[in-house]
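The primary structure of each chain is shown beneath.
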Amino acid sequence: MKKLLALAVILTLVVALVPATTQAQDKVTLTIESWRNDDIAFWNDVLIPAFNAHYPDIEVIFAPAAPTEYNAALNAKLEGGTAGDLITCRPFDLSLEHFNNGYLVSLNDLPGMEHFGPVARSAWITDDGSDVFCVPMASVIHGFIYNQSIFEELGLEEPATEPEFLELLDAIKADGTYAPLSMGTVDLWEAATMGYQNIGPNYWKGEEGRLGLIDGTIGYDENGFVEAFEALARWTPYLPDGYQAISYPDSQNLFTLGMAAIFPAGSWEIGVFRGQDPDFEMGAFKPPVPEGADTCYISDHVDIAMGVNAASQHQEEAMLFMEWMTTQEFAELYSNALPGFFTLSDHAITLEDPLAQEFLSWRDECESTIRSSYQILSRGEPNNETQLWEVSAQVLNGELTPQEAADIVQSGLEAWYEPQQQ
Amino acid sequence: MTFIERLRPAQRGQLLLAHLALLAYTALALFPVFLVVINSVKGRRAIFQSPYALPNRDTWDLVGYEKVLDNSNFPDYFLNSITVTVGALFFILLAGSMAAWALAEYRFPGNAIMGLYLALGIMIPIRLGTISILRLVVRLGLADTLAALILIYTAAGLPLAIFILTQFMRQVPRDLKDAARVDGASEYRIYLMTLPLIRPALGTVAVFNMIPVWNDLWFPLIIAPSEANKTVTLGAQVFLGQFVNDWNAVLASLTLAMIPVIILYIIFSRQLIRGLTSGAVK
Amino acid sequence: MTSANSARRRKPFPVHILVFLAPAFIIYTLFMIYPLLDSLRLSLYAPDVNRQEVFVGLDNYERLMTNDLWQPRIEGAIKNNLVFFAIHMLVQNPIGLMLAALLSSQFIRGRAIYRTLIFTPTVLSVVLVGFIWRMILSPLWGISTDFLDLFGLAAYDKPWLGLEETALPTLSLISVWQWVGIPMMLFLAALISIPDELIEAARVDGATAWGVFWRIRFRLIMPTVGIVGVLTFVGNFNAFDLIYTTQKATAGPNYSTDILGTFFYRTFFGVQLQPGNPTMGATVAGVMFLIILAGVLLYMFGWQRRMLQVEF
């Protein structure tokens, strides 16, 4: 036992010395907190080497968490003072809360910030507009990605309206070989993000409905917002077997393994799917409009930005990285390395990926809006976004009717949001 | 042994049933592990099309392992886990045996109260104090350090360690200690002298604390989550979360995280089981 | 340390005793007792408009128990935790006892091998166990369908982790699968320590093996039954890792697998757009503390006292 104890002491001492020696290096290390774990290879192979071409002495580590765990993990790290130097910013209130708590620094004076217009900045700015605290990186556009060989095999065409869409789903279901829609509900957020918020803007007329919620002139239990739940409920028969236990990654595999025909998507999936199977042939169509509608609306959501941790020991280096993120080079690399993330800067760039180009082209054909719950409405308890996750999943599971779901979300909002209380 | 021959046929039938039950349960315990290991060396399509088949020349594919080794720091995670586990065990055994020695050897005012106070923590999980532990660790400047984890696990392991070690310290023969005292040995020297005599108890305490410390997810996740300080358990959890849609990588990392533990377990299983069955919990 | 100081005034308190006690006392007090007490204190505070934590008495507890947003969550978590515990008591511990009874029989060869292999899942990290079972039960892989198909029951296959009525029992059984080794070992230790003469005497009296087991051996290991029970209780009401790994902090579907540990984590750290709330988190921890304390006291003053009376 004495020998064992001696060994233990030596081991402890030896290992305790290791961190001290690594800190003695000259290189400064910046750690990036992110929820984009799908992008780890792009960062390591493309973006970080490109940055290092300018600043070889700054080492950058991209350290993502799973999307569902990111916010909780980040909050814990910020509270504990253990977060990385660069923080990937969620849009609107969550990042605003971080800024108000002093966790993020103001970027008003950052050179290059002038490349971002008011729309791009809107998600990362204080209510009075006096401080901007994250460099906008990209927006994502919702729509549907489909397996081209399945469409050819079954002789199917892209739908433009909801009745055409349902007809298409019926045809795939009747054939019986493939699941029509590749989606599960166990992770909750897909049901809301890729379901409700994907097709919803067509029903609540984009910005008109979203701003109506904010100023209290319309509720979740009225018109378009209920119709969107009803449209979502019509998906249930077309989901894969056991969809209640299918997670987001499961549904991605289901699609790229060729077992399902259509993936209700965000444009960010393009890069994921190309990575899983580079030869996979995909097409995309925009959210089908309700019968008789003449305008289409898309969710072009300001999704991702980057800020500097106020507690970082390397403010100067972090600012250099921020500045690099405002350049044409970054916009070009990012949009092409991560097809489906569209830059928010005013740099003119060309997209190499045809599918990403397809998504982007919808901006010209349709009216753009962002997700209904992100601005202002998720400030109180119960949280509007969390409630949308819960009820959307339950609508797809058949546990709630569309009207019940709408009523729950509306009463949740009325519980604390004054404009909705009148 | 001629048990079998002495048994009546009915008893032989019972014996057969008993073996069947044990075999069935053993299969249930090992099958999931087996499934993960064989599929970790197969290609993506083979994993889904023939999950039960052993890998063959067509399906053999180490792409999962390549991805794990390229994209994570498993060797560093192992070093962190070893530091934390060995460090915590060392302090639990040292501080625990010292306190147990004092409680067992000396009559002093407050002895019983001190014993009770130190035993309080046996049944109350330390996780309930997490919020305050996090704040305390930040105030002490120990946020995101392995030292914080070592101290937390030491505090969590001490109550049971002191409880068990006190029982064993009491059984050390008086004559031995008195003889040493007559020879003029200091109390510290006598304490050191008794340690080898309670070696089995120290071993029991060590194995009791080893597994939960090695496998804990909660405190690494909350107290020391940075890349440099990740333990294997947290590293595997984060990696699995990152590569969750890549079954090759997930199966490979599960295998990598599992195999060392299973090997260690097989090496130490005799001590572990002796510890568990030596009536340590009485 | 004040009691030690006052003792010194009367008679010099031996320094070496302090030296022996100090390390354990300091680490344990600082990292265990103080945080527990401080958490309980924190549960009596809430942030005001300036984000300062101010004393609010038992308001947080009242909010937790009566508020429309909180009450269903804490009630659900407690109920789910009770189900989780009940399944462990009804499945894990009887199986552990049965395995221990088989392994304590001298007639069975290869006992050590069985024992070692059956205990294997217990040494694995809960994270690994969670992921392994999540994959096995994934409809994408179809292992659970194939397994049921062996018995001609494929039609009964379900998305086990995705349905509100099956997710919690399924997770409980995964946990049982992992932890059954602990009660098995404790029961085995108790069974082995029963003197052979007692059993021989019963056997000479013509009792069957079954009768010997229930009338003699099971009665003699009653104290262990109590210990296994209380360990299961404390472990279950403190559980977190398995559900966090398989169902994430949202403990879906629709909170059907939400137990106190996941509720505590979610309240403290928040989820998605919802920020965390340290003081309400401390309140949830306070409730967990009271529940565990009640269970342990019940064991100490109910079960253990009765056991002592039986022995003497």
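Structure shown above.
Every value quoted in this text rests on a predicted model; they were computed, and no experiment measured them. (Residues numbered from 1 in each chain as written. Chains lettered and ligands numbered in written order. Predicted model: local features only at pLDDT ≥ 70, side-chain atom pairs only at ≥ 80, totals over all residues.)

Participant: Quick rundown of the packing of helix α2 (residues 9–39) of chain B against helix α6 (residues 126–136) of chain C? Include the residues and the values.
Facilitator: Put simply, α2 of chain B and α6 of chain C touch, their axes get as near as 10 Å, and they point 80° apart. Between α2 of chain B and α6 of chain C, the crossing angle belongs to the class labelled roughly perpendicular. For the pair α2 of chain B and α6 of chain C, the contacting residues are P32, L35 and V36 of chain B in the first and I132, W133 and I136 of chain C in the second. Looking at the contact of α2 of chain B with α6 of chain C residue by residue, the classes come out as six nonpolar, no polar and no charged. (Axes fitted to C-alpha atoms, helices over the stretch in contact; angles between N-to-C directions. Helix = DSSP H or I, 4+ residues; strand = E, 2+ residues; numbered from the N terminus. Parallel < 35°, antiparallel > 145°, perpendicular 65-115°, else oblique. Contact = placed C-beta atoms within 7 Å. Nonpolar A, V, L, I, M, F, W, Y, C, P; charged D, E, K, R; others polar.)

Participant: Just give me the short version of helix α7 (residues 130–139) of chain B, but keep the residues and values in it.
Facilitator: All names here are of chain B. With seven of 10 residues buried, α7 lies mostly within the body of the structure. Restricting attention to buried positions, one finds in α7 the residues T130, I131, S132, I133, L134, L136 and V137. Downstream of α7 by one or two residues, G141 has phi in the positive range, about 70°. (Buried ≥ 20, exposed ≤ 12 C-beta atoms within 10 Å, placed from the backbone.)

Participant: Explain the nonpolar core to me, and be specific about the residues and the numbers.
Facilitator: Soluble, globular proteins show a tendency: their nonpolar side chains are buried together. Counting 302 residues, the largest nonpolar core has A99 and I152 of chain B together with A24 of chain C as its most contacted members. Sort the elements by how many residues they give to this core and helix α8 (residues 146–170) of chain B lands first, with 18 residues. Setting aside anything within four residues of it in sequence, one finds A99 of chain B in contact with L118 and I162 of chain B together with F20, L21 and A24 of chain C. (Core = buried A, V, L, I, M, F, W, Y, C linked by C-beta atoms within 7 Å.)

Participant: Please give an account of the interface of chain C and chain B that cites residues and values.
Facilitator: The parts lose accessible area when they come together, and the size of an interface is often stated as this lost area. On the side of chain B, 69 residues touch chain C, which itself brings 62 residues to the contact. Residue contributions to the side of chain C that touches chain B peak at 15 residues, all from helix α2 (residues 15–42) of chain C. When the residues that make up the side of chain C that touches chain B are grouped by side-chain class, the tally is 48 nonpolar, 11 polar and three charged.

Participant: Which residues make up the interface of chain A and chain B, and what are the values?
Facilitator: Each partner contributes to the interface: chain A provides 27 residues, whereas chain B provides 26 residues. Of all the secondary structure elements, the ones that give two or more residues to the side of chain A that touches chain B are α1 (2–23), β2 (58–64), α3 (67–80) and α11 (248–256) of chain A. Sorting elements by how many residues they give to the side of chain A that touches chain B places α1 of chain A first, with seven residues. Across the side of chain A that touches chain B, the residue classes tally to 16 nonpolar, eight polar and three charged.

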